[in-house]
Each structure stands twice: as C-alpha cells, then as structure tokens.
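If you want the building blocks of each chain, they are given just below.
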Amino acid sequence: MSNKEVVYVVSDSVGETADMMVKAVMSQFLGQDVEIKHFSYVENQQDINNVITVSKYTHSIIAYTIVLPSLKQYLDQRAEEEGITAVDLMHPLLDAFTQKFNIEPNHQPGQMRKLDENYFKRVEAIEFAVKYDDGQEARGLKQADIVIVGVSRTSKTPLSMYLANKKFKVANVPLIPEIPPPQELFTIPRKKCVGLIITPEKLNSIRKERLKSLGLTTPANYASLDRILTELDHAEQIMKKIGCPIIDVSNKAIEETADVILAMFNKRGSFA
C-alpha cells in the first residue's frame, strides 16, 4: 500500500492496554503500513472532539479504552456522526463480567497502572529478600519491614520469600552460637522482629533429612540432639534479649506462620 493507515489509540489513562491490543491485531496483517498515534489521559468532551477532528480527515480507526461511561458514549456518538470507525476494546468484556459474575466495574481509569505498581513492589520485595537472606549485609535490617531470626532449618528463607510475594521487605538472620548476631538486630524496633523456634525432635528429623538429601549419611554434629539443644537455647536467649515475639513453627506450614506474623504485626500497627 502506498498510503499509510492510521490507528488512533485513545485512553483515559496511559493507553498501554489499547496499544498492545492494536499491535497484536496489526501482527496479523503483515505487509500493511500502519501508524499508531496516541491520545492519552482523555478526560473531557473537548479531548474527544480533538480526536474526532484529526480522525475524520484521515483514513483511520479509533481504538479506545475508556471506562467512564459518559466519555465512552460521547465518543461513540461523535464517531457515528462523522462516519469514523471507533472500536471499544474494553466494554464488551466489562459487560460480560457484569452479566456473568453479577458485579459492577468501578469505572476508575488507570487501574492497570496500579496493578503494575503492585507488581514492581512485589519484585522489589523479592529482590530485597534475596539480598538480605541468611544474615547477608546487616545494614538491610533497618530497611526491612520484617526481620526473622531463628536457627538453621526453621524455614526462615521460604517464609521470607512467601512474605516478599505479599510485598513485604523481609530480612532473616540465622542464630548460631559461634557467630555473634549483628548489632543492628538490637537497635531495630522490636515490633518488626519475630523469632522462630521449633521442638528439638522436629528439628532433628528435618536436619537428618537435609543431610540425606545432600548425600551425607555419616553422623554429623549438625543433626545431633546435643547440638540442636545448644542452638535452640542460644537462640531463645537472643530472642529474649531482642524482646521480639516468638512463634513455634514445629507443626506449622509456611502459609500458617506467615498468617500469624501478618496478623501479629498488623495488630501492633508496625505496617501502618
């Protein structure tokens, strides 16, 4: 084709959804020369009139995602008056949701942007949990929303990742008798710190399975009851010194422990 076709992407937000949908459709028409032009943050009838004015003098289509009913109706009306093809990319699915699920949309522009913000907060929290896992870089303790302490194999890391997926920045610190805990642990607000304990028998079983998975079948101090009792006693002394709440994770799944932590912290207002 010698003449370039134009699609005007119109939205009461950024227009990313409409842009992706138009490009997906364009990909089915290889060889066609189509230009996409954007009209973002359309919020009144004058904005609609501006779109109509430029569209009616070109061989174009308007593809739009407008959630405000009054603006949508006005665009449909003006496009029909001027003989312009205007395609509503959102309302057919909105109507389907309304009818099938018996719910009403909130008609708020920019909700995808908010979803994106939640996504990036989650990614940031996960990266934080990885960076400050297992006592790495103690300076991260002051930046954390939640600090988890406990002996090895009390599920500190998976619990940190689970909470990170809920957008909380979590650092965890292993408590080992031979290694003094970082001083930062005693300077952070105790209300954002939580200690994990476990019965000696349960920890003994978990550590034996861990050694077996690593191919270590010979007896190891790591899994001995004497060593475990020493570690647990040391850990409880540190937790008492911090003054943090303590959770017994012996018979709890990760999700259960996370629920206890979130309920505890929300009640105490540390996430306010």
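See the structure shown above.
If you're wondering where the values come from, they're calculated on a predicted model, not measured in any experiment.

A. Structural context of the overall build of the chain. Helix and strand counts for the chain stand at nine helices and eight strands. Its C-alpha atoms give the chain a radius of gyration of 29 Å, more than 25% over the compact-globule value 19 Å for 272 residues. Counting only C-alpha atoms and orienting by the principal axes, one finds that the chain spans roughly 85 × 40 × 40 Å. Counting every position in the chain, which comprises 272 residues, the buried fraction comes to 38%. For the chain, restricting intrachain contacts to residue pairs at least 6 apart in sequence, the fraction spanning at least 24 positions comes to 74%. Here the chain has roughly 15800 Å² of accessible surface; of this, 53% comes from carbon and sulfur atoms. When the 33 basic and 35 acidic side-chain charges of the chain are each reduced to a single mean position, those positions are 9 Å apart.

B. The arrangement of unusual backbone geometry in detail. Not every positive phi belongs to a glycine, and Y41 is a case in point at roughly 55 degrees. For Y41, the location among the structural elements is in the loop between β2 (34–39) and α2 (45–55). Located in the positive-phi region is R153, a residue other than glycine, with phi close to 75 degrees. Among the secondary structure elements, R153 is positioned in the loop between β5 (146–150) and α6 (156–164). Owing to a relative accessible area of 35%, R153 belongs among the partly exposed residues under this scheme.

C. Expanded view of the sheet that holds β2. As summarised here, the arrangement of the four strands in space is β2-β1-β3-β4, forming an open sheet in which the pairing is parallel. The open sheet has two edge strands with one neighbour each: β2 and β4 (85–88). Averaged over neighbouring strand pairs, the angle between their axes works out to 25 degrees when direction is ignored. Across the sheet, α2 is in contact with β1 (5–11), β2 and β3 (60–65); its angle to β3 comes to roughly 155 degrees.

D. Local environment of the packing of helix α7 (residues 200–213) against helix α8 (residues 225–242). It is the contact of α7 with α8, at a shortest axis distance of 10 Å, that shows an interaxial angle of 120 degrees. When the axes of α7 and α8 are compared, the pair comes out oblique. The way α7 lies across α8 gives a crossing that is right-handed. In this structure, α7 contributes P200, L203, N204 and R207 to the contact, and α8 contributes L225, I228, L229, E231 and L232. Considering only residue class, the contact of α7 with α8 consists of six nonpolar, one polar and two charged.

E. Highlighting the packing of aromatic side chains. All told, the structure shown has three aromatic pairs when counted by the stated rule. Centre to centre, the rings of Y8 and F39 are 5.9 Å apart; their planes meet at 55 degrees, and the pair counts as tilted. A residue pair is termed long-range when its members are at least 10 positions apart, and Y8 in strand β1 and F39 in strand β2 qualify at 31 residues. In this structure Y8 comes out as buried when scored by relative accessible area, which is 4%. Taken together, a centroid distance of 5.3 Å and an interplanar angle of 90 degrees make the contact between F97 and F101 edge-to-face. Taken as a pair, F97 and F101 lie in helix α4 (residues 91–101) at a separation of four residues, close to a single helical turn. Residue class for F97 comes out partly exposed when judged on its relative accessible area of 40%.

F. Structural view of the sheet that holds strand β6 (residues 170–174). Judged by pairing direction, the sheet is parallel, and its four strands sit side by side in the order β6-β5-β7-β8 without closing on themselves. If you trace the sheet from one side to the other, it starts and ends with β6 and β8 (246–248), each paired once. Within this sheet the neighbouring strands show an average axis-to-axis angle of 25 degrees, counted without direction. Alignment of strand β7 (residues 193–197) against β8, held across three bridges, turns out to be parallel. Within the sheet, the bridge partner assigned to L196 lies in β8 and is I247.

Conventions adopted
Residues numbered from 1 in each chain as written. Predicted model: local features only at pLDDT ≥ 70, side-chain atom pairs only at ≥ 80, totals over all residues. Heavy atoms only, no water. Helix = DSSP H or I, 4+ residues; strand = E, 2+ residues; numbered from the N terminus. Rg over C-alpha atoms; globule rule 2.2 N^0.38 Å. Buried < 20%, exposed > 50% of the residue type's maximum accessible area, 1.4 Å probe, protein only. Contact = heavy atoms within 4.5 Å. Areas by Shrake-Rupley, 256 points an atom, 1.4 Å probe, with all protein chains shown as cover. Lys, Arg positive; Asp, Glu negative; His and termini not counted. Charge placed at Lys NZ, Arg CZ, Asp CG, Glu CD. Pairing = 2+ DSSP bridges. Axes fitted to C-alpha atoms, helices over the stretch in contact; angles between N-to-C directions. Parallel < 35°, antiparallel > 145°, perpendicular 65-115°, else oblique. Left-handed = near helix turned anticlockwise from the far one by under 90°. Nonpolar A, V, L, I, M, F, W, Y, C, P; charged D, E, K, R; others polar. Phe/Tyr/Trp six-rings, centres within 6.5 Å; stacked < 30°, edge-to-face > 60°.

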